[in-house]
Amino acid sequence: AQTVTQSQPEMSVQEAETVTLSCTYDTSESDYYLFWYKQPPSRQMILVIRQEAYKQQNATENRFSVNFQKAAKSFSLKISDSQLGDAAMYFCAYRSPIGFGNEKLTFGTGTRLTIIP
Amino acid sequence: EAQVTQNPRYLITVTGKKLTVTCSQNMNHEYMSWYRQDPGLGLRQIYYSMNVEVTDKGDVPEGYKVSRKEKRNFPLILESPSPNQTSLYFCASSLQGGGNEQFFGPGTRLTVL
């Protein structure tokens, strides 16, 4: 079974600075997908970024980018130019590709990010 | 607007009183799933459905039931709720295929006294 580990329960960053959230995972599959979800105080789960394991290029979405290290099974999220609206709980998640049974998301335990004005 | 809806958003009930949390999506998604979120544990899957009339257990199915009679609806049933089912519940849906985004409902905060 796949597992996802987020070792930083809480982090804080000064507004306009850069912060990196860590995520490691364990799997025996060679093809899979990784996601970062954001959960603001409203509790809504919002997709931030996704990465296909077969792509070597790291995904980017505006101020959000990932550092995907497949051999190390590491998938960190970098937030540049942090804004007050980035304050939230961030979850790293793993998903198997189609044809591998249940397409569930396996989540980490989350990292609560605080932005300091 | 493409969305997943859940009702109710908040519910306080007592031990043993049967309840249903509804979930509906308007995106014609085949895959639907229920998760529960507890502090320090992240989100864990309760049940999932690959399509109409096809459902199966996730990681924490004890005490829950589901049905999928129509493609758009996937209700979660607690036949005899207990205090350890106090949690935040999310319904999610997606097209089949691991790379497709799972869209989440707004969540249901359930308290069982």
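In short, a report on the structure. In this text, all values refer to a predicted model and were calculated from it rather than measured experimentally. Every residue gets a number counted from 1 within its own chain, in the order that chain's sequence is written. Whichever chain is written first is A, and whichever ligand is written first is 1; the rest continue in order. Predicted model: local features are reported for residues with pLDDT of at least 70 only, side-chain atom pairs are reported and counted for 80 or more only, and whole-chain, interface and lining totals are derived from all residues. Each side-chain value is derived from all of the structure's non-hydrogen atoms; neither hydrogens nor water enter the calculation.

**Quick notes on the interface of chain B and chain A**
Then, number 1: With 29 residues of chain B at the contact, the number on the chain A side is 22 residues.
Then, number 2: When two components associate, each loses some accessible surface as probed by a 1.4 Å sphere; the sum of these losses over both components is called the buried area. The contact between chain B and chain A buries some 2100 Å² in all, and 48% of this surface belongs to carbon and sulfur atoms.
Then, number 3: When the area that chain B buries against chain A is broken down by residue, the three leading residues are B:Leu43, B:Gly98 and B:Phe104, summing to 25%.
Then, number 4: In the sections that follow, a salt bridge refers to a side-chain nitrogen of Lys or Arg positioned within 4 Å of a carboxyl oxygen of Asp or Glu. If you look at where chain B meets chain A, you find one salt bridge.
Then, number 5: Here B:Asp59 makes a salt bridge to A:Lys104, at a shortest N to O gap of 2.6 Å.
Then, number 6: For the purposes of these results, a polar contact is taken to be a pair of N or O atoms within 3.5 Å, where, inside protein, one atom must be able to donate a hydrogen and its partner to accept one; residues adjacent in sequence count only when each atom of the pair is a side-chain atom. Counting the contacts that link chain B with chain A gives ten residue pairs in polar contact (both at pLDDT 80 or more).
Then, number 7: Going through the elements one at a time, strand 4 (31-38), strand 5 (42-51) and strand 9 (87-94) of chain B are the ones with two or more residues in the side of chain B that touches chain A.
Then, number 8: Tallying contributions element by element places strand 5 of chain B first for the side of chain B that touches chain A, with five residues. Should any heavy atoms of two residues lie within 4.5 Å, those residues are counted as being in contact. Strands here are runs of E lasting at least two residues and helices are runs of H or I lasting at least four, both read from the DSSP assignment and numbered beginning at the N terminus.

**Here we look at the state of the cysteines**
Then, number 1: Two cysteine sulfurs form what is called a disulfide whenever their separation falls within 2.5 Å. If you walk through the whole model with that rule in mind, you get two disulfides over all chains.
Then, number 2: A:Cys23 shares a disulfide with A:Cys92; S-S distance 2.0 Å. The S-S bond linking A:Cys23 to A:Cys92 shows a torsion near -70 degrees; that makes this disulfide left-handed. Of this pair, A:Cys23 sits in the loop between strand 3 (19-21) and strand 4 (24-26) while A:Cys92 sits in strand 10 (residues 88-95), and the two are 69 residues apart along the sequence. The same class applies to A:Cys23 as to A:Cys92, namely buried.
Then, number 3: Each sulfur of the disulfide joining B:Cys23 and B:Cys91 lies 1.8 Å from the other. An S-S torsion of about -70 degrees defines the bridge between B:Cys23 and B:Cys91 as left-handed. Think of it in three bands: residues with accessible area under 20% of the maximum for their type are buried, residues over 50% are exposed, and the middle band is partly exposed, with areas taken using a 1.4 Å probe on protein chains only.

**A few points about the sheet that holds strand 3 (residues 19-25) of chain B**
Residues and elements named next belong to chain B.
Then, number 1: What makes two strands pair is DSSP finding at least two bridges between them. The strand order across the open sheet built from four strands is 1-3-8-7, with neighbouring strands paired in antiparallel fashion. The sheet terminates laterally at strand 1 (4-7) and strand 7 (65-66), the two strands that pair on one side only.
Then, number 2: Sheet topology note: the strand 1/strand 3 ladder contains four bridges and is antiparallel. Bridge pairing in strand 3 links Gln6 to Cys23.

**Remarks on the nonpolar core**
Then, number 1: Here, the term nonpolar core denotes a set of buried Ala, Val, Leu, Ile, Met, Phe, Trp, Tyr and Cys residues that are joined through side-chain atoms within 4.5 Å. Counting residues in each nonpolar core, the largest one holds 25 residues, and the members touching the most others are A:Tyr25, A:Trp36, A:Phe75, A:Leu77 and A:Tyr90.
Then, number 2: If you list the elements that add at least two residues to this core, you get strand 3, strand 5 (33-39), strand 6 (46-52), strand 8 (64-69), strand 9 (74-79), strand 10 and strand 12 (111-116) of chain A.
Then, number 3: When residues in this core are grouped by element, the largest group, four residues, is from strand 10 of chain A.
Then, number 4: Filtering out sequence-adjacent residues up to four positions away, A:Phe75 remains in contact with A:Cys23, A:Tyr25, A:Leu34, A:Phe35, A:Trp36, A:Gln51, A:Val66, A:Asn67, A:Phe68 and A:Cys92.
Then, number 5: Among the nonpolar cores identified, the runner-up in size contains 19 residues, and B:Val4, B:Met27, B:Met32 and B:Val112 belong to it.

**What about the side chain of A:Gln6?**
Residue and element names in this part refer to chain A.
Then, number 1: Turning to its location among the elements, Gln6 is positioned in the loop between strand 1 (3-5) and strand 2 (10-14).
Then, number 2: A polar contact is formed between the side chain of Gln6 and the backbone nitrogen of Gly110, at a distance of 3.1 Å.
Then, number 3: Those residues in contact with Gln6 that sit more than four places away from it in its chain are Ser22, Cys23, Trp36, Tyr90, Phe91, Cys92, Gly108, Thr109, Gly110 and Thr111.

**Notes on unusual backbone geometry**
Residue and element names in this part refer to chain B.
Then, number 1: The omega torsion across Asn7 and Pro8 is -5 degrees, close enough to zero to call that bond cis.
Then, number 2: Tracing the sequence through the fold places Pro8 in the loop between strand 1 and strand 2 (10-13).
Then, number 3: Positioned with a positive phi, Glu53 is a non-glycine residue whose angle comes to about 65 degrees.
Then, number 4: Checked against the element boundaries, Glu53 lands in the loop between strand 5 and strand 6 (54-57).
Then, number 5: You can call Glu53 exposed: its relative accessible area is 60%.

**Some details on the layout of surface pockets**
Then, number 1: Both site types are read off a 1 Å grid over the protein atoms alone. A 1.4 Å probe that fits but cannot get out defines a cavity, while an open set with protein on both sides within 12 Å along at least five of seven lines defines a pocket; lining residues have an atom within 4 Å of a point. Grid points are joined across faces, edges and corners, and a volume is the space filled by probe spheres set on the points. What the largest pocket holds in volume is close to 370 Å³.
Then, number 2: Of all the secondary-structure elements, those providing two or more residues to the lining of the largest pocket are strand 10 and strand 12 of chain A together with strand 4 and strand 9 of chain B.
Then, number 3: At three residues, the largest contribution of residues to the lining of the largest pocket is made by strand 10 of chain A.
Then, number 4: For this classification, Asp, Glu, Lys and Arg are treated as charged, while Ala, Val, Leu, Ile, Met, Phe, Trp, Tyr, Cys and Pro are nonpolar and the rest, including Gly, are polar. A breakdown of the residues in the lining of the largest pocket according to their chemical character gives ten nonpolar, seven polar and five charged.

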